[in-house]
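Observations on the model geometry
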Protein chains: 2
Amino acid sequence: MSAPKLNIVPFVSVDHMMKLVLAVGIERFVTELADYIEDDFRRWELFDKTPRVASHSHDGVIELMPTSDGKLYGFKYVNGHPKNTRAGLQTVTAFGVLADVGSGYPMLLTEMTILTALRTAAMSAVAAKYLAPQGARTMALIGNGAQAEFQAVAFKAIVGIDRLRLYDVDSSASRKCAKNLAGMGFDIVICASGQEAVEGADIITTVTADKQYATILTDNMVGPGVHINAIGGDCPGKTELHRDILLRSDIFVEFPPQTRIEGEIQQLAADHPVTELWQVIAGHAPGRSGERQITLFDSVGFAIEDFSALRYVRDKLRDTGLYEELDLLADPDEPRDLFGMLLRAEAAQAKAVVG
Amino acid sequence: MSAPKLNIVPFVSVDHMMKLVLAVGIERFVTELADYIEDDFRRWELFDKTPRVASHSHDGVIELMPTSDGKLYGFKYVNGHPKNTRAGLQTVTAFGVLADVGSGYPMLLTEMTILTALRTAAMSAVAAKYLAPQGARTMALIGNGAQAEFQAVAFKAIVGIDRLRLYDVDSSASRKCAKNLAGMGFDIVICASGQEAVEGADIITTVTADKQYATILTDNMVGPGVHINAIGGDCPGKTELHRDILLRSDIFVEFPPQTRIEGEIQQLAADHPVTELWQVIAGHAPGRSGERQITLFDSVGFAIEDFSALRYVRDKLRDTGLYEELDLLADPDEPRDLFGMLLRAEAAQAKAVVG
């Protein structure tokens, strides 16, 4: 029996994450990840919840998103810099850590740029499972950037969407999206306007990236019975929907103290009624309750979703071995002797030079 | 000219950090690090300051400590679990990240268990430079665990301390400390009590680890003119000094909103006067002002000190090359095409199998 290497933290690189997603299969990955999210949303009350810790600057934001269920602790580092694409950089990059609450020791470090795209899509699809109209097959996908295909795949795997109506102000983004999704079982139409995209859609997903108040959807574009999955409005000053749509919708959110600052509902009064999605998933509150009801998932992304994703990746590593070992933690033979560890490293160096 | 590898983040492992410290030399490392801390304390007002984000549990705490000067962003993950030593684990482990505010991209990931020990010692010595009595040579060092030798070395390099009086409830810790410091130019006495250790000391450093209210120093042990460097009292419910000592001392702190919760002054009224150390370093407030004055640095550790340490390590890497390259950031050729990156990885895999 080999002793556990106390200094080592498993690390999932971008390359290993891609291999992991491909080994599992993208549809199965988001489906299993969605199950982890649902499990954690059912035990929502257990979690230590706090709004993300954001550091805003002129060009963007850097955030830390921690949470804990009392046994595990997770946090994500994530930035949002809309200008980055012009410099050939990602708008959003992320990495995360899962740690043991009992010892405080990190147990996993992983890239989370790809993983966040997957968990955001899984979260959207979980919400739609409870909120979208029965038998929904057609989704309008407005905003065809980095998140778009992940949304499509998750909605196919979890909700049964197989008809996509794409729209982006930049038509090359729509073509990229359609090309990437070719052969995956979708009937895809590229549309010339948002108005055209929403025609006949059961679900409208808005996932644009501009850091400003925008109106991707106006009131006349939203008919009765539709479910709106609003992903892109996710920080102060960034919204996608006209206020009148919000007033006609039943609104579902992740964590109200965060969504009231960051979500579409920053346009509404601070006491405007909303339903916490976990209450729906746990069976404490109704989801969709009528055919003509407009439901809106005002998603901003919450730490518990990242926690679920970190748990899922950790569980998958056992079987796949798709990780590296990172020498991240100082581990002297005698815990109080950190300085002595330095001295012994010095002695070992000297010996190596002599020998 | 090779293109910058946008997916790569330099990573300093524990092994590389030890090599870096030894290559620079421990005394020079803490001295140069102290200069970075002083530089950052002089421009204190520039920083985005927030109390650490703590997740407390029965056995300890996990904290995130972010800050930014508007150009760089840094944060540290650090735990504190006093029970860990009994399981052969470190009480405190840490790692940190430095990032570019303009793009949100991480620029450095580094172990910070060793680095925190060095920055804590450098910070203490910087404070003593302004607060300790002139010509101080003798320091009582109460608590001889993992931080003790680092304190000794920093006080020697920066303040001129060459006589140490060690005391720990566990005498084996004192012997470990004395052994590690042998041959480094100290006159060392191991004492049988705290009372004995403080005899003739110009500076008293308390650095014990119990997570509870303790009284390492009682009022009668502290004579006029002494500087107290209180390191161990650093979270709610954890203090080391009797309240009467605080009432006789002029108290200097890092960031009052944090220190009032975590420091020795949690024993005092919320409006008890304290001086912010940066004001002293910047020349806006006096440090030591008299021979009989008792000065107290009520240190809890603040994010700006970690930021200074991250800056210092980053600057040192350029010359030494003591780091690895971590594939941490997804970097698709086309930033909006994260999904396409996955598909291309799949195609590459298939080709490798065929070929």
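This write-up is about the structure you can find in this document. (Residues numbered from 1 in each chain as written. Chains lettered and ligands numbered in written order. Predicted model: local features only at pLDDT ≥ 70, side-chain atom pairs only at ≥ 80, totals over all residues. Heavy atoms only, no water.)

1. Digging into the overall build of chain A
Condition: Counting from the N terminus, the helices are the DSSP runs of H or I reaching at least four residues and the strands are the DSSP runs of E reaching at least two. Two things to know: the radius of gyration comes from C-alpha atoms, and the globule rule equals 2.2 Å times the number of residues to the power 0.38. For every residue, the accessible area (1.4 Å probe, protein chains only) is compared with the maximum for its type, and the residue is labelled buried under 20%, exposed over 50%, or partly exposed between those bounds. Here the Shrake-Rupley method, with its probe set to 1.4 Å, supplies the accessible areas, and only the displayed protein chains count as covering residues.
Summing up its helical and strand segments, chain A has 11 helices and 17 strands in all. Its C-alpha atoms give chain A a radius of gyration of 22 Å, within 12% of the compact-globule value 20 Å for 355 residues. A burial count over chain A gives 60% of its 355 residues as buried. Summed over all atoms, the accessible surface of chain A reaches about 13,100 Å², with 50% contributed by carbon and sulfur.

2. A few points about the relation of the copies chain A and chain B
Filter applied, for reference: We place the copies in one frame by least squares, fitting the C-alpha atoms of every residue whose pLDDT is at least 70 in both.
Turning chain A through 180° and shifting it by 0.0 Å along the axis lays it on chain B, with an RMSD of 0.0 Å. Such a combination of turn and shift is consistent with a two-fold rotation axis.

3. Some points on the side chain of S299(A)
Test applied: In protein, a polar contact requires one atom able to donate a hydrogen and another able to accept it; more generally it is a pair of N or O atoms within 3.5 Å, and residues adjacent in sequence count only if both atoms are side-chain atoms.
Following the sequence through the fold, S299(A) ends up in the loop between β16 (294-298) and α10 (303-320). One polar contact links S299(A) to E254(A), side chain to side chain, over a distance of 3.4 Å.

4. Considering the packing of helix α2 (residues 26-42) of chain A against helix α3 (residues 113-131) of chain A
Helices that pack against each other are described as a pair by the angle of their axes relative to one another and the distance between those axes. All names here are of chain A. Our working rule: Note on definitions: angles span 0 to 180 degrees between N-to-C directions of axes, and those axes are lines fitted to C-alpha atoms, for helices only across the stretch in contact. The cut-offs work like this: below 35 degrees is roughly parallel, past 145 is roughly antiparallel, 65 to 115 is roughly perpendicular, and the gaps in between are oblique. Crossings are classed by handedness, with left-handed meaning an anticlockwise turn of the near helix from the far one by less than a right angle and right-handed meaning a clockwise turn. By definition, residues are in contact when any of their heavy atoms lie within 4.5 Å. Each residue receives one of three labels: charged for Asp, Glu, Lys and Arg, nonpolar for Ala, Val, Leu, Ile, Met, Phe, Trp, Tyr, Cys and Pro, and polar for the others, Gly being one of them.
It is the contact of α2 with α3, at a shortest axis distance of 8 Å, that shows an interaxial angle of 65°. Relative to α3, α2 is oriented roughly perpendicular. Taken as a pair, α2 and α3 cross one another with a handedness that is right-handed. Between α2 and α3, the contacting residues are I26, F29, V30, L33, A34, I37, E38, F41 and R42 on the first element and L115, L118, R119, A122, M123, V126, K129 and Y130 on the second. For the contact of α2 with α3, a count of residues per class yields 13 nonpolar, no polar and four charged.

5. Some points on the sheet that holds strand β15 (residues 275-276) of chain A
Residue and element names in this part refer to chain A. Here is the rule: Whether two strands pair comes down to DSSP finding at least two bridges between them.
Spatially, the eight strands line up as an open sheet ordered β9-β8-β7-β10-β12-β16-β14-β15, and their pairing is parallel. The strands lining the two open edges of the sheet, one partner per strand, are β9 (187-190) and β15. Against the sheet, α3 makes contact with β10 (203-206), β12 (227-230), β14 (249-253) and β16, and its axis sits at roughly 155° relative to β16, the strand it touches most. Sheet contacts for helix α4 (residues 148-159): β7 (138-142), β8 (163-167), β10 and β12; angle to β7, the most-contacted strand, approximately 165°.

6. Focus: the interface of chain A and chain B
Put simply, the rule reads: Computed with a 1.4 Å rolling probe, the buried area is the accessible surface lost when two parts are put together, summed over both parts. Salt bridge, as used here, is a side-chain nitrogen of Lys or Arg placed within 4 Å of a carboxyl oxygen of Asp or Glu.
Opposite the 76 residues of chain A that make contact, chain B presents 76 residues. For the chain A face of the interface with chain B, the top three residues by lost area are R336(A), F339(A) and L342(A), together amounting to 12%. On the surface where chain A and chain B come into contact, there are zero salt bridges. The tally of links from chain A across to chain B stands at 22 residue pairs in polar contact (both at pLDDT 80 or more). With nine residues, helix α11 (residues 338-354) of chain A is the single largest residue contributor to the side of chain A that touches chain B. Class assignment of the residues belonging to the side of chain A that touches chain B gives a composition of 42 nonpolar, 20 polar and 14 charged.

7. Re the pattern of salt bridges
Scanning all chains against the criterion turns up 42 salt bridges over all chains. K316(A) is the salt-bridge partner of E32(A), the closest N and O atoms lying 3.0 Å from each other. Placement of E32(A) in helix α2 and of K316(A) in helix α10 is noted, with a sequence separation of 284 residues between them. The partner of R52(B) in a salt bridge is E63(B), with the nearest N and O atoms 2.6 Å apart.

8. Structural notes on the pairing of β12(A)
Sheet faces and side chains relate simply in a regular strand, where the side chains alternate between the two faces. Residue and element names in this part refer to chain A. The alternating pattern of β12 places H227 and N229 and I228 and A230 on opposite faces, both of which are buried. Sheet topology places β10 next to β12; four bridges connect them, and they run parallel. Residue T205 lies in a different strand from β12, and its bridge partner there is N229.

9. Quick word on helix α5 (residues 171-181) of chain A
Given 3.6 residues to a turn, an α-helix orients residues that are three or four positions apart in the same direction. Among all positions in α5(A), only A173(A), S174(A), K176(A), C177(A), A178(A), N180(A) and L181(A) are buried. In the segment just after α5(A), G183(A) is the residue with positive phi, at about 80°.

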